[in-house]
Amino acid sequence: MSPLTSGIVLIVLTFVFCGIQIGIHPFVKKVTNCYYFWIIVASILLIYFIAARYGWDCKALSDCNRGIRIDYCYTNIDYTSSFLKAKVFLTDLCPFFFVATCISLIAQPSRKIAVAFATPMIFGALLALFTSIMLGDGGRAELTAKYIFLGSDPYRLKFLMHFLGLVLGIGVLLNTPSNKWWTFLWTNLAALGFFIYITIVSYGFNVHTNVCGIRPEDWMPYTQPYGANASFYPIGRIFSFCSFPWIICLPLTICYIVICLFMHLHYIMQKKISFFKVNQEKSKEPIWFGYYKI
């Protein structure tokens, strides 16, 4: 099976799973409203991410700093170091919000912080699934357990992390009440905090790739292995009439509009569709067995 066919099949299976997740929600929300449920889920996902990806990235950066050649990265040591630092500091949108969501679900029973992370995470997951995985992931996509559950260097967990990010984000939105303006405000603050964070990391630690387009190297042609210094190059070609840094504004504005639409959909779903309504009132059950009154 070709990588393109494998990518399409994986996308179809992803949306079938998400459709089932949404369809059965009204029948399982007493379980998925439980704080205990989210602690278990978020802890497993966080441990899996650290063991299957993050630990390897930290080791690779350590080896690179000691002068050990990393075969799957760049021939240029400066680009290799930058690429690995980006992975360790989580300057890509999806890994950052995936980890932040897991931590917030463990730390806060109400999931109100997780809601602020959920819509950017869903958007990032959908963007990666449609622009990379569905097109064959650069020839790496295949219907094997290794690709699905581990991935391959330099992008470990590429499919699974985005799949889980989409599922996790949808689960958070389904099980957490929407307060339209507060949700909007906190999501904006979360996004702003993320961009402040990656700007500090990028310029403070000389990370010039995989930083959500805030450095010009993210818009350059695919001149290095795997194109890791050009994650925004295809988008840059669409908006080629703009030069850096002005080219950042148009894609960012479009992304912002789409994320706002997701937030509005969450609000409509919670307020207008009785099957998906989650009451703002806290349940009287112990915190381990429930949070919102069903």
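Residues numbered from 1 in each chain as written. Predicted model: local features only at pLDDT ≥ 70, side-chain atom pairs only at ≥ 80, totals over all residues. Heavy atoms only, no water.

Draft legend 1. Broad picture of a nonpolar patch on the surface. On the surface, a nonpolar cluster with roughly 840 Å² of combined accessible area is contributed by Leu4, Ile8, Val12, Val16, Ile20, Ile24, Phe27, Val28 and Leu135. Examined against the element boundaries, phenylalanine 27 turns out to sit in helix α1 (residues 3–32). Among the residues examined, phenylalanine 27 registers a relative accessible area of 73% and is labelled exposed. (Patch = residues over 30% accessible without salt bridge, like charges linked within 9 Å, V, L, I, M, F, W, Y side chains within 5 Å. Areas by Shrake-Rupley, 256 points an atom, 1.4 Å probe, with all protein chains shown as cover. Salt bridge = Lys/Arg side-chain N within 4 Å of Asp/Glu carboxyl O. Helix = DSSP H or I, 4+ residues; strand = E, 2+ residues; numbered from the N terminus. Buried < 20%, exposed > 50% of the residue type's maximum accessible area, 1.4 Å probe, protein only.)

Draft legend 2. Local environment of the packing of helix α8 (residues 180–204) against helix α10 (residues 249–272). Viewed as axis vectors pointing N to C, α8 and α10 meet at an angle of 145 degrees, and their least axial separation amounts to 10 Å. Viewed along their axes, α8 and α10 form a crossing whose handedness is right-handed. Each of Lys180, Thr183, Phe184, Thr187, Asn188 and Phe195 in α8 lies in contact with α10, whose residues at this interface are Leu252, Tyr256, Ile259, Cys260, Met263, His264 and Tyr267. Residues that form the contact of α8 with α10 fall into these classes: eight nonpolar, four polar and one charged. (Axes fitted to C-alpha atoms, helices over the stretch in contact; angles between N-to-C directions. Left-handed = near helix turned anticlockwise from the far one by under 90°. Contact = heavy atoms within 4.5 Å. Nonpolar A, V, L, I, M, F, W, Y, C, P; charged D, E, K, R; others polar.)

Draft legend 3. Expanded view of unusual backbone geometry. Residues other than glycine seldom take positive phi values, yet leucine 157 does so here, at roughly 60 degrees. Judged by relative accessible area, leucine 157 falls into the buried class, the value being 3%. Despite not being glycine, asparagine 206 shows a phi value in the positive range, around 55 degrees. Tracing the sequence through the fold places asparagine 206 in the loop between α8 and α9 (233–238). Judged by its relative accessible area of 46%, asparagine 206 is partly exposed.

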